[in-house]
Amino acid sequence: MAKRSSNFGAEVSPEDKKKVSKEGFQKALKIFRFTLPYKGTFLIGFIFLVLSQITTMSIPLLMGQMVGSIVSPDKLPDAASGMSSGMMTDKLQHVFHEAPKFTLNEVTLFFIGLLILQSVFSFFRVYTFTRVSEQSMRDLRNALYSKIITLPVPFFEKNRVGELMSRITTDIGQLQDILSITLAELFRQVFTLVGGIVLISYLSSKLTLFMLLTFPFLVIAAIVFGRFIRKNSKKVQDELAATNIIVEETLQSINVVKAFTNESLEAHRYGLSVQKVVDYALKAATFRGGFISFIIFVLFGGVVGVVWYGGNLVLQGELSFKDLFTFIIYTGFIGGSVGGLGDMYAQIQKTVGASERILEILDEESEVKIVDINAPKTAVIPAPAKTNNELAIPKIQYKNVAFNYPSRPDMEVLKNISLSVKSGEKIALVGHSGAGKSTIVQLLMRYYHLSKGEVLVDGKNINTFDITELRKNIAIVPQEVMLFGGTIYENIAYGNPEATEDLVIEAARKANALDFINSFPEGFKTIVGERGVKLSGGQRQRIAIARAILKDPAILVLDEATSALDSESERLVQDALDRLMQNRTTIIIAHRLATIRNVDTIYVLKDGKVAEKGTHDELVLIDEGIYANLVKLQFENAMIIE
Ligand SMILES: Nc1ncnc2c1ncn2[C@@H]1O[C@H](COP(=O)(O)OP(=O)(O)OP(=O)(O)O)[C@@H](O)[C@H]1O
């Protein structure tokens with residue numbers, strides 16, 4: 001049986017605290033469309049649930065029958081009481097006024113049969129509900145993950161990774177619980193409550209009314225205590241979140257903590273935060289403890305009251321002893337379900353919150369489509385005709401582009417930028433940190449929408465291209481190369497998962513990466529990334545170059561590493577880059593000016609505008625020019641280092 005506790009004030013995360021409104025509830029129900037494909041199985045599960053519940057509800061009746069077959073007037077040992085058989089029968093006739101219909105053995109046999117049936121029903125109920133919940137939550141997980149990764153970049157600036165992770169883990173887990181356990185439990189509780197009350201009112205309407213008198217106390221207590229408990233448990237949750245942030249931050253920058261020898265400081269900070277959690281939790285526990293003891297008092301008090309009042313009814317001959325016995329067991333059932341309903345409410349609150357959050361993401365608009373990567377490909381692809389989607393060696397133009405990031409609408413990062421790269425040419429973007437160099441490139445990838453102006457590739461506005469096709473034609477060799485946990489081979493093949501082994505090895509060779517890869521005992525199978533071999537900066541860059549070679553893009557973006565490599569590494573990387581740049585239109589985000597002497601045009605950015613433009617030779621000649629000054633500075637720095 002699932003957890004059934006009388007905790008009206010079960011802890012619900014702060015974001016779920018809002019009351020379950022009708023609209024919220026209806027909206028949340030939309031998430032159950034994921035169970036629709038499995039409605040047949042669900043229905044079968046539901047039938048088993050009803051059957052098992054009917055068997056459960058028959059238990060008190062059978063218990064009553066058993067008691068009835070034990071204690072009936074004709075079976076009472078009159079000698080023990082010291083009374084004559086006639087006297088005894090007289091006195092207790094109205095107490096045991098019904099003669100038993102079945103013998104004890106008959107009832108017991110029937111009981112065992114019922115229990116066997118109940119076990120069978122329960123097994124299939126649990127199995128079918130789990131099947132429905134597992135399958136529909138698999139579909140929901142797939143849909144949510146596919147949605148998340150196809151959403152545009154600004155979405156990831158609004159939502160933290162941790163939050164998205166908890167959507168896909170905690171929130172879906174919550175929905176899974178409700179499907180596999182809570183829904184069945186809710187049905188059981190309501191069935192027990194309603195069925196139980198109907199059955200006992202048949203046994204004795206007076207006693208039923210008497211028992212129901214306890215209900216208003218329970219409801220009022222639930223409302224009053226519930227409010228206090230929720231208020232305090234919200235504080236507990238908030239404080240707990242704060243402690244988690246401390247752990248997350250310090251573990252992520254553990255090297256910094258150690259370098260500054262701040263372990264004790266952090267331990268103290270964490271200790272204070274954890275103590276606050278305890279303080280609030282204890283306060284909440286006072287209310288919860290009070291509430292639970294109140295509930296226990298009322299529930300058991302109710303049972304005692306029922307026995308007392310029912311006992312009197314029995315003595316007055318208005319109720320038979322076996323019916324009182326049955327009544328008491330039903331009262332226990334009903335009490336349990338009332339206690340459980342509070343927990344159900346908390347669960348429903350949580351689930352409504354979870355589904356709202358998931359639906360919010362599912363309702364966002366994707367920028368790309370997920371395609372079936374296993375779908376059969378059309379046999380041989382003929383040589384591509386030059387269409388919108390097939391960029392040969394394209395030219396790129398930025399026309400009066402203005403832009404601000406959606407997260408900072410008041411700060412114009414690019415102001416009226418115009419630049420052009422002819423087919424197969426190389427340009428470099430230069431400027432101080434924060435001048436807007438990376439932003440220019442991000443706009444080419446269509447990560448964001450422009451505020452003003454347009455970006456053209458091959459004379460066509462990039463918004464007219466299919467976004468996947470556009471991005472397929474651009475490769476970025478980033479400053480900080482991010483490798484996935486996996487083998488070197490997989491990391492290179494990421495550039496084109498369909499590439500043959502020969503092509504992957506060839507790409508590694510062109511990227512000057514073959515030698516160092518072969519120097520590892522495992523070669524291409526060497527595991528890299530967080531749990532694997534740590535590659536040096538230069539090695540990582542060459543993997544990134546091999547990836548780009550494999551992608552074979554028409555447009556190349558090189559975000560030059562800020563940190564200088566040693567001269568041998570530098571030569572290998574530069575050599576690989578030169579090979580990569582051949583026959584491609586290239587934009588270089590340059591930090592070290594020595595590497596861009598030969599590009600066709602250098603754009604010098606300042607405060608989001610193009611301040612200077614020309615070849616290296618032209619720009620160094622500008623008196624007091626920004627570029628000329630930068631060159632001078634770097635030259636002087638280089639002299640000092642040497
Ligand atoms: N995602 C973002 N959201 C909001 N503002 C951003 C975002 N990315 C960059 N910025 C801001 O836009 C401005 C330009 O940043 P950008 O990264 O384009 O500069 P950069 O010239 O490439 O700098 P660096 O050489 O240091 O990489 C900066 O002021 C930066 O703070």
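Everything numeric here is computed off the predicted structure, so don't read it as measured data.

Regarding its fold elements, the protein chain presents 21 helices and twelve strands. Looking at the protein chain residue by residue over its 642 residues, the buried ones come to 32%.

So, about unusual backbone geometry. A positive phi angle is found at Asn400, which is not glycine, with a value near 45°. For Asn400, the location among the structural elements is in strand β1 (residues 396–403). Of note, Asn512 is a non-glycine position whose phi angle comes to about 55°, a positive value. With respect to the element layout, Asn512 can be found in the loop between α16 (501–510) and α17 (514–519).

Right, let's talk about the sheet that holds strand β5 (residues 460–461) for a bit. Across the sheet, which stays open at both edges, the four strands sit in the order β2-β1-β4-β5 with antiparallel pairing between neighbours. Strand pairing shows two members of the sheet lacking a second neighbour, β2 (414–421) and β5, which therefore form its edges. Where strand β4 (residues 452–457) and β5 come together, two bridges link them in antiparallel fashion. The residue bridging Leu456 from the neighbouring strand is Asn461, located in β5. Relative to β1, helix α13 (residues 437–444) is tilted by about 115°, and along the sheet it contacts β1, β2 and β4.

With respect to spatial proximity, 13 residues lie near the ligand, and among them Tyr405, Ser433, Lys437, Ser438 and Thr439 are the closest. In terms of residues, the shell around the ligand owes the most to one element, α13, which gives three residues.

Using the residue numbers shown here, the UniProt feature "transmembrane region" (unreviewed entry) corresponds to residues 40–63, 107–128, 186–203, 209–229, 291–309 and 324–342. End C-alpha atoms of residues 209–229 are separated by 31 Å, and the span's content is 95% helix alongside 0% strand. Each end of residues 324–342 is marked by a C-alpha atom, and these two atoms are 28 Å apart; helix forms 100% of the span and strand 0%.

Quick look at the packing of helix α5 (residues 104–149) against helix α7 (residues 161–203) now. Following both chains from N to C, one finds α5 and α7 inclined at 160°, their axes separated by 9 Å at the closest point. Relative to α7, α5 is oriented roughly antiparallel. Read as a crossing pair, α5 and α7 show a hand that is right-handed. Here α5 contributes Arg125, Phe129, Thr130, Val132, Ser133, Ser136, Met137, Leu140, Arg141, Leu144, Tyr145 and Ile148 to the contact with α7, which in turn contributes Leu164, Arg167, Ile168, Ile172, Leu175, Gln176, Leu179, Ser180 and Ala184. Each residue belonging to the contact of α5 with α7 can be placed in one class, and the counts come to 13 nonpolar, five polar and three charged.

Our focus in this paragraph is the pairing of strand β11 (residues 601–606). Relative to β11, strand β3 (residues 426–431) runs parallel, the two being bridged by five bridges. Across the sheet, residue Leu429 finds its bridge partner in β11, namely Tyr603. Relative to strand β12 (residues 609–614), β11 runs antiparallel, the two being bridged by five bridges. In the sheet register, Ile602 faces β12, and the bridge partner there is Gly614.

Glancing now at helix α2 (residues 39–70). Given 3.6 residues to a turn, an α-helix orients residues that are three or four positions apart in the same direction. Spanning 32 residues, α2 covers 47 Å between terminal C-alpha atoms, matching the ideal 46 Å at 1.5 Å per step. The largest bend in α2 is about 30°, located at Ile59, with the proline Pro60 one to four residues further on.

Moving on, we come to the pairing of strand β10 (residues 585–589). Counting buried residues in β10 gives five out of five residues, a clear majority hidden from the surface. In this sheet, β10 lies alongside β3 in parallel orientation, the contact comprising four bridges. Note that in β10 the partner of Ala428 across the bridge is Ile588.

Turning our eyes to something else, we now look at the nonpolar core. Ala428, Leu429, Ile492, Ala508, Ile545, Ala546 and Ile602 are the most contacted members of the largest nonpolar core, which totals 67 residues. Counting residues per element, this core draws most heavily on helix α18 (residues 537–551), which supplies seven residues. Leaving out residues up to four positions away in the same chain, Ile545 has contacts with Val477, Ala511, Ala576, Leu577 and Leu580. With 31 residues, the next largest nonpolar core counts Leu203, Ile295, Phe325 and Phe327 among its residues.

Its place among the elements puts Arg167 in helix α7. Look at Arg167 and you get partly exposed, because 19 C-beta atoms sit within 10 Å. Between the C-alpha atom of Arg167 and that of Tyr145, which follows or precedes it by 22 residues, the distance is 9.7 Å. If sequence neighbours within four positions are ignored, Arg167 has contacts with Leu144, Arg357, Ile358 and Ile361.

Moving on: the sheet that holds β10. Here six strands make up an open sheet; going across it, the order is β6-β9-β10-β3-β11-β12 and the pairing mixed. What marks the edges here is a single partner per strand, and that holds for β6 (474–477) and β12. Averaged over all pairs of adjacent strands, the angle between strand axes in this sheet comes to 20°, irrespective of strand direction. Summarising the sheet, β6 and strand β9 (residues 555–559) pair through four bridges and their orientation is parallel. Bridging across to β9, Ala475 finds its partner in Leu556.

On to the packing of α2 against α5, then. Interhelical geometry of α2 versus α5 gives an angle of 160° and a closest axis separation of 8 Å. The angle between α2 and α5 falls in the class roughly antiparallel. Here α2 runs over α5; the crossing is left-handed.

Attention now goes to the environment of Lys158. By the secondary structure assignment, Lys158 is in helix α6 (residues 153–158). Along the sequence, Lys158 and Ile555 sit 397 residues apart, while their C-alpha atoms lie 29 Å from each other.

Attention shifts here to helix α8 (residues 205–212). Buried residues of α8: Leu207, Thr208 and Met211, and no others. The buried residues of α8 occupy an angular sector of 105° when projected down its axis, which confines them to one face. For α8, the exposed residues set more than 90 degrees away from the buried face come down to Ser205 and Leu209. If you follow the buried residues of α8, they end up packed against α7, α9 (214–252), α11 (263–315) and α12 (321–362).

For the protein chain, per-residue confidence averages 82 on the pLDDT scale, and residues scoring 70 or more make up 87% of the total. Predicted confidence is poor over residues 377–390, with pLDDT under 50, and the contacts of this stretch with residues over four places away or in other chains come to nine contacts. In the model output, the complex is listed with pTM 0.76 alongside ipTM 0.96.

Here is what the cut-offs are and how they apply
- Per chain, residue numbering runs from 1 following the sequence as it is written.
- Side-chain atom pairs in this predicted model are given and counted only at pLDDT of 80 or more, local residue features only at pLDDT of at least 70, and totals for whole chains, interfaces and linings cover all residues.
- Here a helix means four or more residues in a row that DSSP labels H or I, a strand means two or more in a row labelled E, and each is numbered from the N terminus.
- In this scheme the burial state of a residue depends on its C-beta neighbours within 10 Å: 20 or more other such atoms mean buried, 12 or fewer mean exposed, and anything in between means partly exposed; the C-beta positions come from the backbone.
- Strand pairing requires that DSSP identify at least two bridges connecting the strands.
- Contact criterion: two residues are in contact if their C-beta atoms, reconstructed from the backbone, are within 7 Å.
- Only the contacting stretch of a helix is used when fitting its axis, a line to C-alpha atoms as for every element, and angles between N-to-C directions run 0 to 180 degrees.
- Being near a molecule or strand means, for a residue, that its backbone-placed C-beta atom lies within 6 Å of it.
- UniProt positions are given in the numbering used here, feature names are shortened, and annotations may be inferred rather than shown by experiment.
- An angle below 35 degrees is read as roughly parallel, one above 145 as roughly antiparallel, one from 65 to 115 as roughly perpendicular, and any other as oblique.
- Note on convention: the crossing is left-handed when the near helix lies turned anticlockwise from the far helix by less than a right angle, right-handed when the turn is clockwise.
- Note on residue categories: nonpolar means Ala, Val, Leu, Ile, Met, Phe, Trp, Tyr, Cys or Pro, charged means Asp, Glu, Lys or Arg, and polar means any other residue, Gly included.
- The span one expects for a helix is its residue count, reduced by one, times 1.5 Å.
- Here the bend at a residue is taken as the angle between two axes, fitted respectively to the seven residues that end there and the seven that start there.
- Under the definition applied here, buried Ala, Val, Leu, Ile, Met, Phe, Trp, Tyr and Cys residues are grouped into a nonpolar core through C-beta atoms within 7 Å.
- This arc is built from the directions going out from the helix axis to the C-beta atoms.
- pLDDT measures how confident the predictor is about each residue, on a scale from 0 to 100.

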